[in-house]
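# Coordinates in review
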Amino acid sequence: MAAGKKRVLDETSGHPKAKKTKTDDFNKKPKEKVSKAPQPASTLIADEIDFPRGGGTSLTPLEVKTLRAEAAKEADKELFEDSAKEKAVKRRRKSEASGKSKATDKDGKKASGIRIEHLNYKRVVVGMKILGQVVAVEPLALIVSLPNQLFAHVPITQISTQLTHILENMDDVEMQSVDEEEEVSPSRVPDLFEIFQPGQYVRAVVTAVHAPGATDATGLGRARDEVQKASRRVELSLVPEKVNEGVAKADLRAGFALSASVKSIEDHGYILDLGVPDVSGFLSFKDAQKGPFDSDKKLHIGRLLDVAVTKMSGNGRTCNVSVDLHTLRSASLTEVTSVNSLVPGALVQSLVTAVQPDGLILQVLGFFDGTVDQFHLPPGDPEERYKIGQKVKARILYDISPSTPPRFALSLAEHVVKYDIKSVESGAATTELREAYPVGTVLEAVKVIRVESERGLIVEVSPGVEGFVHISQVSDEHVPTLSALSGAWKIGTVHRARVTGYFPLDGILQLSLKPSVLSQKFLQVGDVQVGEVLKGTVKKLADSALFVSISGNVDGVIWPNHYADITLKHPQKRFKPGGSLKCRVLVVDPERKRIVLTAKKTLVESTLPIVAQLSDAQVGVVTHAVVFKASDKSLQIEFYNNLKAIVPAREASETALSSLPAAFPIGKPVQVRIIAVDPETGRITASIRQATPNYKSAITDISGVDIGDIVEGVISDIRKDKAVITLQPTQVTALLSLNNLANRREVSVAQLRSTLKVGDKLQDLVVTSRNPEKGFVLVATKPKEKETVLQKGHLSLDTVQPGQLVGGRVLRHNRHGALIKVTNSISGILHPTDAADDYESGKPFPAVDSVLKAVVLSVDKDRRQLTLSTRMSRLFPGQGKPIVDREITTLKDLKVGDTVRGFIKSVAEHGLFVTLGREIDARVQIKELFDDYVKDWKSRFSVNQLVKGRILSVDTEKKQIEMSFRSGELKRDSRSQLSWSDLTDGQKVDGRVKRVEDYGLFIEIEGSKISGLCHKSELSDNKDADVTLALRSFREGDKVKAIILSIDREKRRISFGLKPSYFEEKDFEQEEPDSEDDDGPAPALGVVEDGGDSDEAEESDDDAVADGGDDGDDQEDSEGESDDGEDGGAMDVDLTMELQQSSGGSAAAPGEPTETLNLEDGFQWSAPNPDDDVEMESDEESEDDGQHEGKKKKKKRKEIEKDLTADMHTKVPESNADFERLLLGSPNSSYLWIQYMSFQLQISEIDKAREIAKRALKTINFREEQEKLNVWIALLNLENVYGTDESLESTFKDAARHNDSKTVHLRMAEIFEQSDKPEKAEEQFKRTVKKFSQSSKVWTLFAEHYLKRGMLEEARKLLPRSLQSLEKRKHLKTICKFAQLEYKFGDPERGKTIFEGIVDSHPKRWDMWSIYVDMEAGQGDINSVRNLFNRVLALKMTSHKAKSFFKKWLELERRLGDEEGQAAVKAKAVEWTQRAAGNSES
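Residues numbered from 1 in each chain as written. Predicted model: local features only at pLDDT ≥ 70, side-chain atom pairs only at ≥ 80, totals over all residues. Heavy atoms only, no water.

Next up on the list: the overall build of the protein. Counting its regular elements, the protein contains 46 helices and 54 strands. Looking at the protein as a whole, 44% of its 1482 residues qualify as buried. Restricting the contact set of the protein to residue pairs at least 6 apart, pairs at least 24 apart contribute 62%. Surface accessibility of the protein: about 78800 Å² in total, with carbon and sulfur atoms responsible for 49%. (Helix = DSSP H or I, 4+ residues; strand = E, 2+ residues; numbered from the N terminus. Buried < 20%, exposed > 50% of the residue type's maximum accessible area, 1.4 Å probe, protein only. Contact = heavy atoms within 4.5 Å. Areas by Shrake-Rupley, 256 points an atom, 1.4 Å probe, with all protein chains shown as cover.)

Next up, the structure:
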């Protein structure tokens, strides 16, 4: 009956048909027997109610009467047979030994039908439901312990239907984001170790039983131990639909335990799949937290749970369940609807019906028979412990099938009944069996308590702990059978044993009595210690590894790079199967059951410490390691247990190595010293160099040299910016900055290099820093003696006086100025206005770490701070140095109208604040910044920028100063505003260009808001002049002198004229009285631009001021050490050096304004203001103009009256201004920009040329790609000639990023070729072909480069290489190009051979024929050309193509041949035409 239903479920379960057929066929036989001859079997049907309430039945009265008659007949027959069998059994017992009565039962009721049997692999059948305990969790399967020392496995696809479904849709799940998987979509694939843990009980059903040695088990891979090997034979399924098959809805009462899987997650809990039709389980989130799993995370869909029913819903569709461990352990059954409702693991009420020496026979739930074997009874004699009729609670292990009536195997073992792991009591505490007796434990005395002659021995290890010794583990010799009464292993004998494993479900140890096992060093991988030296036996040598037997069934593997210290070419000669091998354990991986060994002699015989984990890696430890990866920058080495470290290139060797990979091949053992360990990242840094025995002696002892010592030495090496000195007599290595030495000798670094030689002796050096780790010191030149005399007195706040000279080092800059460190306890502030007498040529903001001298202005004892000044007028008051920027200390020093310079302190929303003195700040409002309206004014100013302005007002009470950058009179607001009534025709006015249009200029009259138009025809007197070009030169805001031509008062329009002929000399002389008041031209206000030499001046000052400390890392060392070495004394500085003087000196008189380009009156083509025009033409001439201004005025004016507008477009630019004007008209012209760059290069302004190039790239419209590329190429050319390799590489990368990368790569190679740098060109071509290997052009240009250099073989090797990289469609074109190159630069015969191959394989490619002909014609051989034409014209082609060939042939005959040849061509053409016509007619 059960088989019938089983068949239905199997058909829907998705199992292979073969298995299903086997099961059905097996179950069909009993069914047929029941129908033909009814046996004394249970007639309970799974689909029907066994005992309907009220005696109701679904049978008809006739069927009931028939069944009663059959039952009476069966009862009579059964009673007769039982009595006959009882007599036979009694007679048999008398003749047999009492110990062999296993098949009989003291209760003679059912002795013939019930026998206590052990479960073995032969008795396990498909469909059997069984209880198991998880032994191990593999990635794709579970290893499960079964009753009676059996093992099975559960593939991941047999956990639950939902999990299998998720696995099938894994690709879709992986596409979801990580967040969705965690929160929104818990249907991600959970790992098996998240669901199961060793020791957990599972209810299962057998789905397949494999023959011994079968390898078709899924999810287990290669068996690594005996348990995995044994588990392959039986395959189980935990799917609730299969395990709970036969459970009816009526069985789901409170206390019924079964397995279920999570089907979905709802708002308040989980919907579970119980495997019972029409019923779902519900587990609330609150109840789920009571389960034996992580309560913080939600359960994944597909997770298998062990649940107990708590309540059935009213509608019968849902039942609430619990996962509480206590509830599950205590849930027991008292009644079921059918035999199929009993699931494995169920705790059932039972009655002892028979007690036998080998177990018990029970009656389960009053209807079903059950057996308990001795393995599942508590220790002791069952006959003494149990009595017939005793009630016990037992847990079902499995159903014994096939059996009729149904029977079950149960367990009364304490740990199984409690649903717990077998544990051992040791005093007050209890420990798990596995922990109490680890594998490998030797037990000195175990007592044999039972003997199973065919299976093995059951021994007592300790009270309550038993072990099983299989018959094969009793002795090293073959034992066919065991006897309980005689022999070496009879009951009561004591033996020495060793734990080899466990049978968790049975709760017993797996033991071995074999002497060979007892003597084994290791039984499992976990027993082996990393770093242990072992002797093994060569088991097998494969191509990929060497397998070594270490102890018993524990094997190790040696990878090829660990065969020996060197690479073995023939390892088979050294390692022969069966041979002995001494090796050391390298890696132990218990999870993968793998041991990795090494046979390297260096490691095996090493006495150095073993580094196998991060805690072993202590700084300073010297040990052995093996190189496993090498690059040019570092080595990667491996210690034991896969612990890795890195060895930087500098630590690989004392001497420089050309190639690390060559010096340290993979597999080379090295001795290293651990020099750094980062516990957080696990990064270990090691050194091979420092692990050498003589390393300590290699580091010079510098203890004899202290900071501040005066030393001398000999130059041993001269580097880029340092000199290496060997100090005498200590032989300590010292580094001296060349800058420092050059400053001391008052020469440039270049001059110093030319005079300095190796072997020169240097004296009077001061030690500034020590580096004991690397064994060297930093030194600097000793300051002049005069300095020390001045600074002999110990500086303190009490001894420092205003006016005293002190030295110090710049620490940093703050809002008050530069913070100067004078001594350890005294600091000073140098305000930018106190830094120099001329802000422009001085250094208001000295560089950090520069050393300078200063004079004390005041002492603030409370803040322990000095106010300092480095003005030359303060340092050397008697020298009468010119003061350009006077010192402003109070408001009284300022008067309205004063022109002063200062530094921008801050940029606010309403304007600027300019610092004029230490405590004096002035405000410049937005309206006072420019003469004209400027929208984005903030971008033109920055903090600390030098500016020049005029004082507008001084409020001494509020201490407020207003300042202006605008030009003109101070009382601008009081000027009368012009109105329309004040204007007349012919009036000459000053104006400002308001807007520039294509048809003219809009000019606004100064001092009013009235504006008008100057048509472009009114710009020049020359009718032929290009006024459009002149129009472009005007910019908004330019000041002009204009004449009013006409006034239309109604329309309020004015027409202006700017022609030079409209004006006379006196029109411009009106402004002279105003300008003469200031003794010269009005100074330009606003931002003060740096002079051309300012950068150079700063650089020279930096060199002069610098202490000469080292740069880079050494500079940091010197800074750190210098603080310790000062001992509170004054800084040693040379106070006699004029540190703040500019490099060029100061030739200008005091108060003389700096000559700058002055455009305050606007730019005009007619140049009414002669001074401006002169200054615009040339910066050099402007200096002369300042000295001879009065003498040249009239002469200049006469020259300027000539109109220069007409020839502006033909005039070659001769100055920066010319180029700037032209670029205003053509900002996108790369030709102009490159000309401008070339102009700068001619005057050696390389940096300015670079700046112009960068300006060009920003200015040129982004659509003008070719124009931008031209500028980039020009910049690359510039860097190639004038720049460094680093600047060229940087520019090249930028160019490749902003333009077509391939074009830039090729142009770079071309630049190298043109500049006669063939090696760099070759290197560039190699980079290019690597990056653009798909480009035919790149390969052909590379070949051309080689051919031009005469490197024919290299060029020819490129052809096959290129064809490997190029697409097939480009092959022919590339081969053709290579052939052409052979004609031009190589061997024409070789080119001819290539072309012959082309036309032979592609005869219809007329373009190839044509190129071939051209190449041959280039050789001047007319006969060869004729031969080619005859060949090609013999091919079939169109008349149009033939005509072109004949035409080409005729031209070549005229050029290379003779008249006969020409006539022959014409004749052949006629012949070809006739032949073609004849063919078409036919």
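A word on the packing of helix H39 (residues 1336-1348) against helix H41 (residues 1371-1385). Across the interface, H39 lies against H41 with an axial gap of 10 Å and an inter-helix angle of 20 degrees. Compared by their axis directions, H39 and H41 come out roughly parallel. For the crossing formed where H39 meets H41, the hand is right-handed. Contacts between H39 and H41 involve Ser1336, Trp1339, Thr1340, Ala1343, Glu1344, Leu1347 and Lys1348 from the former and Lys1373, Thr1374, Lys1377, Phe1378, Leu1381 and Phe1385 from the latter. Considered class by class, the residues forming the contact of H39 with H41 number six nonpolar, three polar and four charged. (Axes fitted to C-alpha atoms, helices over the stretch in contact; angles between N-to-C directions. Parallel < 35°, antiparallel > 145°, perpendicular 65-115°, else oblique. Left-handed = near helix turned anticlockwise from the far one by under 90°. Nonpolar A, V, L, I, M, F, W, Y, C, P; charged D, E, K, R; others polar.)

Here we take up the nonpolar core. Most often, soluble globular proteins keep nonpolar side chains buried together rather than apart. Of all hydrophobic cores here, the largest spans 45 residues; its most connected members are Ile130, Leu142, Ile159, Phe196, Leu236, Leu238 and Tyr398. Put simply, the parts of the chain that give this core at least two residues each are strand S1 (129-137), strand S2 (141-146), strand S3 (150-155), helix H4 (161-168), helix H7 (192-195), strand S4 (201-209), strand S5 (234-237) and strand S15 (391-400). Among all residues touching Phe196, those that are not within four sequence positions of it are Val134, Val137, Leu142, Ile159, Val202, Leu238 and Leu304. Ranked by size, the runner-up nonpolar core spans 44 residues in total, among them Val279, Ala288, Val309 and Leu365. (Core = buried A, V, L, I, M, F, W, Y, C linked by side-chain atoms within 4.5 Å.)

Trans is the common state for peptide bonds, and a negative phi is the common state for residues other than glycine. Although it is not a glycine, Asp764 adopts a positive phi angle of roughly 55 degrees. With respect to the helices and strands, the residue Asp764 is situated in strand S37 (residues 761-771). With relative accessibility at 45%, the residue Asp764 sits in the partly exposed group. Even without a glycine there, the phi angle at Asp1316 is positive, about 60 degrees. Relative to the elements of secondary structure, Asp1316 occurs in the loop between helix H37 (1301-1314) and helix H38 (1318-1331).

Here five strands make up a closed barrel; going around it, the order is S34-S35-S36-S38-S37 and the pairing mixed. Sheet twist, expressed as the average angle between the axes of neighbouring strands with direction ignored, equals 55 degrees. Pairing of strand S34 (residues 710-718) with strand S35 (residues 722-728) involves six bridges; the strand directions are antiparallel. Bridge assignment links Glu712 to a residue of S35, and that residue is Gln728. (Pairing = 2+ DSSP bridges.)

All right, on to the sheet that holds strand S40 (residues 817-821) then. Reading around the barrel, the five strands line up as S39-S40-S41-S43-S42 and close back on themselves, with mixed pairing between neighbours. Strand-to-strand twist across the sheet, computed as the mean angle between neighbouring axes with direction ignored, equals 50 degrees. Two elements, S40 and strand S41 (residues 827-830), share four bridges in a ladder whose sense is antiparallel. Looking at the pairing, Ile820 lines up with Gly828 of S41.

So, on to the pairing of strand S13 (residues 359-364). Every other side chain in a regular strand lies on the same face of the sheet, so the side chains alternate between the two faces. Burial runs high along S13: five of the six residues are buried. Strand direction decides the pairing type here: S13 and strand S14 (residues 368-373), joined by six bridges, are antiparallel. Bridging from a neighbouring strand, Gln363 pairs with Asp369 of S14. The hairpin turn running from S13 into S14, its antiparallel successor, is three residues long, and Leu365 in that turn takes a positive phi close to 55 degrees.

With that settled, the discussion passes to helix H33 (residues 1230-1242). Between the first and last C-alpha of H33 there are 18 Å, a value that for 13 residues agrees with the 18 Å anticipated at 1.5 Å per step. Looking at the buried side of H33, the elements it contacts are helix H32 (1216-1225), helix H34 (1246-1259) and helix H35 (1265-1282). Positive phi appears at Ser1244, one or two residues downstream of H33, with a value of about 65 degrees. (Expected span 1.5 Å × (residues − 1).)

Contact geometry of helix H42 (residues 1388-1401) with helix H43 (residues 1406-1418) gives a least axis separation of 10 Å together with a crossing angle of 160 degrees. Compared by their axis directions, H42 and H43 come out roughly antiparallel. Crossing angle aside, the handedness with which H42 passes H43 is left-handed. Packed against H42, whose contacting residues are Lys1392, Phe1395, Glu1396, Ile1398 and Val1399, the element H43 presents Met1408, Trp1409, Ile1411, Tyr1412, Met1415 and Glu1416 at the interface. Here the residues of the contact of H42 with H43 sort into eight nonpolar, no polar and three charged.

Turning to its location among the elements, Thr833 is positioned in the loop between S41 and strand S42 (851-860). Taking the relative accessible area as the measure of exposure, Thr833 reaches 3% and is therefore buried. Ignoring any residue separated from it by four or fewer positions in sequence, one finds Thr833 in contact with Tyr839, Arg871, Phe903, Thr915, Leu916, Gly917 and Arg918.

So, about the pattern of salt bridges. Per the stated rule, a full pass over the model turns up 49 salt bridges. Across the pair Asp1407 and Arg1405 runs a salt bridge, and its minimum N-O distance is 2.9 Å. With a shortest N-O distance of 2.9 Å, Asp1414 and Lys1448 are connected by a salt bridge. Linking Asp1414 in helix H43 with Lys1448 in helix H45 (residues 1439-1456), this pair joins segments that are 34 residues apart in sequence. Relative accessible area serves as the criterion here: at 34%, Asp1414 is assigned to the partly exposed category. Because the salt bridges share partners, they merge into one network encompassing Asp834, Arg874, Glu887 and Arg918. (Salt bridge = Lys/Arg side-chain N within 4 Å of Asp/Glu carboxyl O.)

Turning next to H45. The first and last C-alpha atoms of H45 sit 25 Å apart over 18 residues, in line with the 26 Å expected at 1.5 Å per residue. Among the residues of H45, Ala1442, Phe1445, Phe1446, Trp1449, Leu1450, Leu1452 and Glu1453 are the ones counted as buried. Seen end-on, H45 carries its buried residues on one side only, within an arc spanning 165 degrees. Exposed positions of H45 whose direction lies more than 90 degrees from the buried face are His1440, Lys1443, Lys1447, Arg1454 and Arg1455. (Arc of directions from axis to C-beta.)

Our next topic: the environment of Phe1002. Secondary-structure assignment places Phe1002 in strand S50 (residues 1000-1005). Note: C-alpha distance between Phe1002 and Gly1012 (ten residues apart in sequence) is 5.5 Å. The contact partners of Phe1002, leaving out residues within four places of it in the chain, are Arg992, Val993, Lys994, Arg995, Glu997, Gly1012 and Leu1013.

Turning our eyes to something else, we now look at the pairing of strand S29 (residues 622-630). The pairing of S29 with strand S32 (residues 669-678) spans five bridges and is antiparallel. Its bridge partner being in S32, Ala625 is matched across the sheet by Val670. Where S29 lies against strand S30 (residues 634-638), four bridges are found, and the strand directions are antiparallel. Each bridged residue has a counterpart across the sheet, and for Val627 the counterpart in S30 is Ile637. Where S29 folds back onto S30 in an antiparallel hairpin, the turn is made up of three residues.

Under the counting rule described, the total for this entry stands at 23 aromatic pairs. Between Phe1446 and Trp1449, the ring centres sit 6.4 Å apart and the planes meet at 10 degrees, which makes this aromatic pair stacked. Of this pair, Phe1446 and Trp1449 both sit in helix H45, three residues apart, which is roughly one turn of that helix. The same class applies to Phe1446 as to Trp1449, namely buried. Within the aromatic cluster, the residues linked to one another by ring pairs are Trp1406, Phe1429, Phe1445, Phe1446 and Trp1449. Over the face of the ring belonging to Phe375 we find Arg450, whose NZ or CZ atom lies 5.4 Å from the ring centre. Stacked on the ring of Phe1002, the Lys or Arg Arg995 has its end atom at 4.4 Å from the ring centre. (Phe/Tyr/Trp six-rings, centres within 6.5 Å; stacked < 30°, edge-to-face > 60°. Lys NZ or Arg CZ within 6 Å of the ring centre and 35° of its normal.)

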